[in-house]
Amino acid sequence: MKWTTIVFILLLTSFASGQEPLSPPARTSVTINGKKLTVVYSSPFIRGRKIMGGLVPYGRWWRTGADNATTFQTDADLDLGGLKVPKGIYTIYTLPGATEWQLIINKQTGQWGTEYNQRQDLGRVKMNLAQIPALVDSFKIELLSTGGNKGLLKMTWERTEVSVPFTVQ
């Protein structure tokens, strides 16, 4: 039996027993100019761990959440921080750093979060990085409308916020 199947069974067991999963499923979406964008991910908690530069290592790709790979679906062609993203379904990874992050849009879908094939990358874009004063206990991804046909993909956890603007074509 594959370990991904075992983890899935354990997650189902925790739901059936009434226990809260360690990294609950989460979703964010936005509709801009009649086109829907959605991100589906698992949202881990800090639980006393060092996150940035620890659990989320610098200089190595990160699954950007927990459990299954984070899924990004767009009903429109996008310009995502300068990267042309055709409408479709993708996986999001990130390459965190102490002073710079990159967003990775990957064409492989349906895999476990720790299965990353760089040859399937559609592309990478630099993300805006900021340190925030308030501690964010649970990893959060947001898709926000910023007016007209523009939006923002934003991720926050611990005291780190990264974002990248996008334009619906």
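This is a predicted model, so every value here is computed, not measured.

## Focus: the overall build of the protein
The helix and strand inventory of the protein stands at one helix and nine strands. The secondary structure elements of the protein, listed N-terminal to C-terminal, are α-β-β-β-β-β-β-β-β-β. Within the protein, buried positions represent 45% of all 169 residues. Counting contacts in the protein only where the partners sit at least 6 residues apart, residues at least 24 apart contribute 54% of the total. On the protein, roughly 8700 Å² of surface is accessible, and the fraction owed to carbon and sulfur atoms is 53%.

## Notes on the pairing of strand β1 (residues 25-32)
Alternating positions in β1 separate cleanly, Ala26, Thr28, Val30 and Ile32 being buried on one face and Pro25, Arg27, Ser29 and Thr31 remaining unburied on the opposite face. Pairing between β1 and strand β2 (residues 35-42): eight bridges, direction antiparallel. Across the sheet, Ser29 pairs through a bridge with Thr38, a residue of β2.

## Overview of the packing of aromatic side chains
Taken as a whole and judged by the stated rule, the model has seven aromatic pairs. The interplanar angle of 45° and the centroid separation of 4.9 Å between the aromatic rings of Trp61 and Tyr116 together place this pair among those described as tilted. With Trp61 in the loop between β2 and β3 (70-74) and Tyr116 in the loop between β7 (101-106) and β8 (121-147), this pair connects stretches of sequence that are 55 residues apart. Here Trp62 and Trp157 contribute two aromatic rings whose centre-to-centre distance is 6.1 Å and whose plane-to-plane angle is 15°, an arrangement assigned as stacked.

## Section: unusual backbone geometry
Leaving glycine out, the prevailing phi sign among residues is negative, and the prevailing peptide bond configuration is trans. Residue Asn33 is not a glycine yet carries a positive backbone phi of 55°. One can find Asn33 in the loop between β1 and β2. According to the relative accessible area criterion, Asn33 is exposed, its value standing at 55%. The backbone of Glu158 sits at a positive phi, close to 60°, despite the residue not being glycine. Relative to the helices and strands, Glu158 is located in strand β9 (residues 150-168). Exposure remark for Glu158: the relative accessible area of 17% places this residue in the buried category.

## Thoughts on the nonpolar core
Formed by 34 residues in total, the largest nonpolar core has its most connected members in Leu103, Leu153, Met155 and Phe166. When residues of this core are traced back to their parent elements, those giving at least two are β1, β2, β4 (78-80), β5 (83-85), β6 (88-95), β7, β8 and β9. Each residue touching Met155, except ones within four places of it in the same chain, is listed here: Thr64, Ile92, Thr94, Leu103, Met127, Phe139, Lys140, Ile141, Thr160, Glu161 and Val162.

## Describing the sheet that holds β5
Reading across the sheet, the nine strands line up as β1-β2-β3-β6-β7-β8-β9-β4-β5 and stay open at both edges, with antiparallel pairing between neighbours. The sheet is open, and its two edges are formed by β1 and β5, each paired on a single side. Sheet twist, expressed as the mean angle between neighbouring strand axes with direction ignored, is 30°. Pairing between β2 and β3: four bridges, direction antiparallel. In the sheet register, Thr38 faces β3, and the bridge partner there is Gln73.

## Examining the environment of Trp157
Structurally, Trp157 can be placed in strand β9. Spatially, the C-alpha atom of Trp157 lies 6.5 Å from that of Asp137, the residues being 20 residues apart in sequence. Not counting the four nearest positions on each side in its chain, Trp157 is found in contact with Pro44, Phe45, Ile46, Ile51, Met52, Leu55, Val56, Trp62, Val136, Asp137, Ser138 and Phe139.

## Examining the pattern of salt bridges
If you walk through the whole model with that rule in mind, you get six salt bridges. Between Lys154 and Glu142 there is a salt bridge, with its nearest N and O atoms 3.6 Å apart. With Lys154 in strand β9 and Glu142 in strand β8, this residue pair connects regions lying twelve residues apart in the sequence. Overall, the relative accessible area of 17% leaves Lys154 in the buried class. When the shortest N-O distance is used, the salt bridge between Lys154 and Glu161 registers 3.8 Å.

Reading guide: rules and limits
- Residues numbered from 1 in each chain as written.
- Predicted model: local features only at pLDDT ≥ 70, side-chain atom pairs only at ≥ 80, totals over all residues.
- Heavy atoms only, no water.
- Helix = DSSP H or I, 4+ residues; strand = E, 2+ residues; numbered from the N terminus.
- Buried < 20%, exposed > 50% of the residue type's maximum accessible area, 1.4 Å probe, protein only.
- Contact = heavy atoms within 4.5 Å.
- Areas by Shrake-Rupley, 256 points an atom, 1.4 Å probe, with all protein chains shown as cover.
- Pairing = 2+ DSSP bridges.
- Phe/Tyr/Trp six-rings, centres within 6.5 Å; stacked < 30°, edge-to-face > 60°.
- Core = buried A, V, L, I, M, F, W, Y, C linked by side-chain atoms within 4.5 Å.
- Axes fitted to C-alpha atoms, helices over the stretch in contact; angles between N-to-C directions.
- Salt bridge = Lys/Arg side-chain N within 4 Å of Asp/Glu carboxyl O.

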